[in-house]
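# Residue-level structural notes
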Amino acid sequence: MSDQPSITPQPGIMDISLYVGGAAHVEGRDNVVKLSSNENPYGPSDKAKEAAIRATHQLHRYPNTDHAGLRSAIAETHTLDADRIICGAGSDEVLQFATQCFAGPGDEVIMTEHGFSMYPILARAAGAKPVVVPETDRRVNIQAILDAVTADTRIVFLTNPGNPTSTMLSEAEVQSLASALRPDVLLVHDGAYTEFAGEEFRLDFQLADAFPNVLATRTFSKIYGLGGLRIGWGYAQRPLIDVMNRVRQPFNLSVVQLAAAEAAMRDQDHVKRCKNENNRWRIWLQSALNDLGIGCDESHTNFVLARFRDEETANGCDNALKQDGIIVRRVAGYGLPNCLRITIGDEPSCRRVAHVIGRFMAERG
Ligand SMILES: *Cc1c(COP(=O)(O)O)cnc(C)c1O
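Just so it is clear, the model here is predicted, and its values are computed rather than measured. (Residues numbered from 1 in each chain as written. Predicted model: local features only at pLDDT ≥ 70, side-chain atom pairs only at ≥ 80, totals over all residues. Heavy atoms only, no water.)

## Overview of the packing of aromatic side chains
Any pair of aromatic rings gets described here by the distance separating the centres and the angle formed by the planes. Overall, the coordinates contain 8 aromatic pairs when judged by the stated rule. Within the aromatic cluster, the residues linked to one another by ring pairs are Phe 116, Tyr 119 and Phe 157. Above the ring of Phe 303, the side-chain terminus of Arg 341 is found at 5.5 Å from the ring centroid. (Phe/Tyr/Trp six-rings, centres within 6.5 Å; stacked < 30°, edge-to-face > 60°. Lys NZ or Arg CZ within 6 Å of the ring centre and 35° of its normal.)

As structure tokens, this is what we get:
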């Protein structure tokens, strides 16, 4: 019998384009400088590493399912209610809980032109339709988001500060979006880079306190230097958290993840040092690029978006960097073909990347 029904994936699944991560290798080269994934060049807190190693003595034990220790550490550090925190395998998993719980077939999920490439993947995985709205000069346009809202809209994803744009919205702009959205539309404030922005950023928590339809997400992958371990978290009012906890697997975080994240959260001195170094070299690299005639918006993150005169120049520069063992991120897939996203590394990496770009620009004339 050849007419057996074939196994058919759920609607939307086959529309997903696979996520493309930042490259990590250059053929035939060691001592590569990887500036393609916004990783912390200084790595995690030593205390987090020690906690992870200690946790290996517990590898035969199932982890806590309630994440109480980690949630307390987060709550105490940020003065939040621990009962309103949910933890996931990266903030990606928290974004997935939200999409799975609040969007489905026939629903629309709004994201912005240069938004994070996980959002359309998550929307489609839930069977929902991604709706992409334009940005204005690489900044999120609040009015464009509001104009795109329909009766079918269930979620709005906002990255603030943005990736790969590095730009940030004003508090008033974010407030106006939260106030204007229908209360049955979930606003996700993806704060993967908030720790790199100016003074201590609390706007996302304030929004989650004020609006029952706001979810703030944070991650241990960027300033905490724990991208390899996969830990993130979300903050919202109890009803949202209670819904999302139903789809969370009871053992979604391992004993090692929980121990390292808790220790990392309690070592805010390390976070401060990383922030200071990042912001110092960010300013340096921005002005080095500007001196070379390369456009660069003021960054509020741990990367800069270098804007070349055209796509050919951007790709030529990327190739020149690669030949020198430096990996940055092409962002044509984010609608920015004439740009390269460059993570702020340590001092030698920043000097090296500026040097090679300078040489490329000089040779190109
Ligand atoms: C890096 C990043 C995340 C965090 O991903 P994790 O799953 O926590 O590693 C989320 N959103 C954006 C925009 C990011 O750049």
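## Focus: the site of the ligand
Neighbouring the ligand are 13 residues, the closest being Ser 91, Asp 190, Thr 219, Ser 221 and Lys 222. The contact in question runs from an oxygen atom of the ligand to an N or O atom on the backbone of Asp 92, over 3.0 Å. Taken by itself the ligand offers 380 Å² of open surface, and the protein chains cover 94% of this. Taking a 2 Å distance to the grid points as the criterion, the majority of the atoms of the ligand fall inside the largest pocket. Here the shell around the ligand gets 3 residues from one element, more than from any other, and that element is helix α3 (residues 90–102). Residue classes in the shell around the ligand are distributed as 3 nonpolar, 6 polar and 4 charged. (Near = heavy atom within 4 Å. Polar contact = N/O pair within 3.5 Å; in protein donor to acceptor, adjacent residues only side chain to side chain. Areas by Shrake-Rupley, 256 points an atom, 1.4 Å probe, with all protein chains shown as cover. 1 Å grid on protein atoms, 1.4 Å probe; cavity = no way out; pocket = protein on both sides within 12 Å on 5 of 7 lines; lining within 4 Å. Sits in = over half its atoms within 2 Å of the grid points. Helix = DSSP H or I, 4+ residues; strand = E, 2+ residues; numbered from the N terminus. Nonpolar A, V, L, I, M, F, W, Y, C, P; charged D, E, K, R; others polar.)

## Some remarks on the sheet that holds strand β14 (residues 329–330)
Reading across the sheet, the 4 strands line up as β11-β12-β15-β14 and stay open at both edges, with antiparallel pairing between neighbours. The strands lining the two open edges of the sheet, one partner per strand, are β11 (295–296) and β14. Bridge analysis of β11 against strand β12 (residues 303–307) gives 2 bridges, and the strand direction is antiparallel. Within the sheet, the bridge partner assigned to Gly 295 lies in β12 and is Arg 307. (Pairing = 2+ DSSP bridges.)

## Comments concerning the layout of surface pockets
Space inside the largest pocket adds up to approximately 530 Å³. In this structure, the largest pocket is lined by 30 residues; those nearest its centre are Tyr 19, Ser 37, Phe 116, Ser 221 and Lys 222. When the residues that make up the lining of the largest pocket are grouped by side-chain class, the tally is 8 nonpolar, 14 polar and 8 charged. Looking at the lining of the largest pocket, you find at least three residues from each of domain 1 (13–43 + 269–364) and domain 2 (46–266). (Points joined across faces, edges and corners; volume = space filled by probe spheres on them. Domains from an automatic or database assignment.)

## Structural notes on the state of the cysteines
Applying the stated criterion to the full structure yields 0 disulfides. For the unlinked cysteine Cys 101, the closest cysteine sulfur is that of Cys 87, found at 15 Å. (Disulfide = S-S within 2.5 Å.)

## So, the domain arrangement of the protein chain
The figure often quoted for interface size is the accessible area lost as the parts come together. Structurally, the protein chain comprises domain 1 (13–43 + 269–364) and domain 2 (46–266). Of note, the centres of domain 1 and domain 2, computed from C-alpha atoms alone, are 25 Å apart. It is Lys 275, His 300 and Tyr 334 that lose the most area in domain 1 upon contact with domain 2, and together they represent 25% of the buried surface on that side. Counting every contact that joins domain 1 to domain 2 gives 1 salt bridge. (Buried area = accessible area lost by both parts, 1.4 Å probe. Salt bridge = Lys/Arg side-chain N within 4 Å of Asp/Glu carboxyl O.)

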